[in-house]
Amino acid sequence: MAYSDVTIVVDERDDLFYTRAALQAHRPGEGRITVQPTPASSSPAALAHDMLYALGKRLAPGPDSPDVWLDSVNAAWLAAAAWGVAMGVRHVVVPRAHLLTIRRIDQLLAWRESTGAQLTLLWQKAPRGLPPTLARVERRISGRTQFKALLAEPGPIPARPSFPPAPPAITGAAATATGQSPTPQPRGTRAASTRPGRRAHPCAGALATAQLDQAAPAIEIASEEAAALAALAHPLIAGALSVLAFTRAGLGSLRFTRDLDISGDVCVIKLHGVGHRHCPLHAVPAWARPLLAGARAHHRLMACSPRESVFSPVMLAEARHLRAHAGRLPQLDLSLLAGILVP
């Protein structure tokens, strides 16, 4: 098997030029990151943590860290893949790849398969030491000019996705005027459907509900708190706490939120109350859209159905980690909400 989107850059003399060029190429906003492997780390998930760090995520330190579940190799690489997809990463450059074990090289190749990104490995020693997995890579280059040209190439997928402003709700006569057929409403709900935050059909997804219901505006938070949420390493925790921050949702609001309750452009989210007695639609602020995109990517990479709950893993088995992270953000005052939401 050959890897068409993997490139080996042979730097047998360990020329400092290649390392500097790789570090300067780190531009997450353009869809290209440089992952620097932690030297001599024996942690099985170390390279996944390095990937998360390159993606702007920071694991909480300490022996009782709420990110301890990311010490699991599978959990850490799944989180890294979800963020890679959500952030539109299209090219990953890894210096000093010759120091990686075969197992970690295999992990990188599996991550590339999950995300569709281009992978460039700097092999900074003689190429005869290439393991069999990399010996099958067809694209192998050497020379400064070729490396510069490689870094200038567009990747196989677009750069970071843009999240447009939420469109106004299309209801009744407006939908008819634009040639759309408004989704029929259950009897007795039409008058309530035009008021912000009120439910339309209790089990409809976000897109269908948005045609009938105005989204409740997002609660504003300080940029420092938004940045703290954006740095959380696990996509489900980052997504769940961001929803709590901009909605101040109550008991069980996230437990039943499905993939189809997040609109395709991540501009609106629908929450579900117990028994679907109150299922409000909320506008998603710009800062939270990449975080919800990460949560949704995580859900889809697990091959879950669009009708399954996105946040259920952190509502149950990993509830303590959600509560712990909420406690680490005192300015947002999410501890009580998180404590109520999870058993």
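About the thresholds
Residues numbered from 1 in each chain as written. Predicted model: local features only at pLDDT ≥ 70, side-chain atom pairs only at ≥ 80, totals over all residues. Heavy atoms only, no water. pLDDT = per-residue confidence, 0-100. Helix = DSSP H or I, 4+ residues; strand = E, 2+ residues; numbered from the N terminus. Contact = heavy atoms within 4.5 Å. Axes fitted to C-alpha atoms, helices over the stretch in contact; angles between N-to-C directions. Parallel < 35°, antiparallel > 145°, perpendicular 65-115°, else oblique. Nonpolar A, V, L, I, M, F, W, Y, C, P; charged D, E, K, R; others polar. Phe/Tyr/Trp six-rings, centres within 6.5 Å; stacked < 30°, edge-to-face > 60°. Buried < 20%, exposed > 50% of the residue type's maximum accessible area, 1.4 Å probe, protein only.

> Sorry, what's going on with the confidence of the model for the protein here?
Put simply, the protein has an average pLDDT of 81, and 77% of its residues get 70 or more. Confidence scores differ between elements of the protein, with helix α7 (residues 172–177) showing the lowest mean pLDDT of 33 and helix α2 (residues 46–54) the highest of 97. Per-residue pLDDT stays below 50 along residues 166–202; that stretch engages in 63 contacts with residues further than four places along the chain or on separate chains.

> Where do I start with the packing of α2 against helix α4 (residues 102–115) in this structure?
Describing two packed helices takes the angle between their axes plus the distance from one axis to the other. Packing of α2 against α4 brings their axes to within 10 Å, and their N-to-C directions diverge by 45°. Taken together, the axis directions place α2 and α4 in an arrangement best described as oblique. Of α4, the residues touching α2 (which contributes Ala46, Leu47 and Met51) are Arg104, Gln107, Leu108 and Trp111. Taken together, the residues of the contact of α2 with α4 sort by class into five nonpolar, one polar and one charged.

> Any chance you could explain the packing of aromatic side chains here in plain terms?
How two aromatic rings sit relative to each other is set out by the distance from centre to centre and by the angle between their planes. One pass over the structure, following the stated rule, counts three aromatic pairs. On the basis of an interplanar angle of 80° and a centroid distance of 5.3 Å, the ring pair of Phe17 and Tyr18 is categorised as edge-to-face. For Tyr18, a relative accessible area of 6% translates into the label buried. Between Tyr18 and Phe147, the ring centres sit 5.4 Å apart and the planes meet at 40°, which makes this aromatic pair tilted. Taken together, the residues Tyr18 in helix α1 (residues 16–24) and Phe147 in helix α6 (residues 144–152) connect sequence positions 129 residues apart. The buried category is assigned to Phe147, whose relative accessible area is 0%. Through a chain of ring-to-ring contacts, the aromatic side chains of Phe17, Tyr18 and Phe147 assemble into a single cluster.

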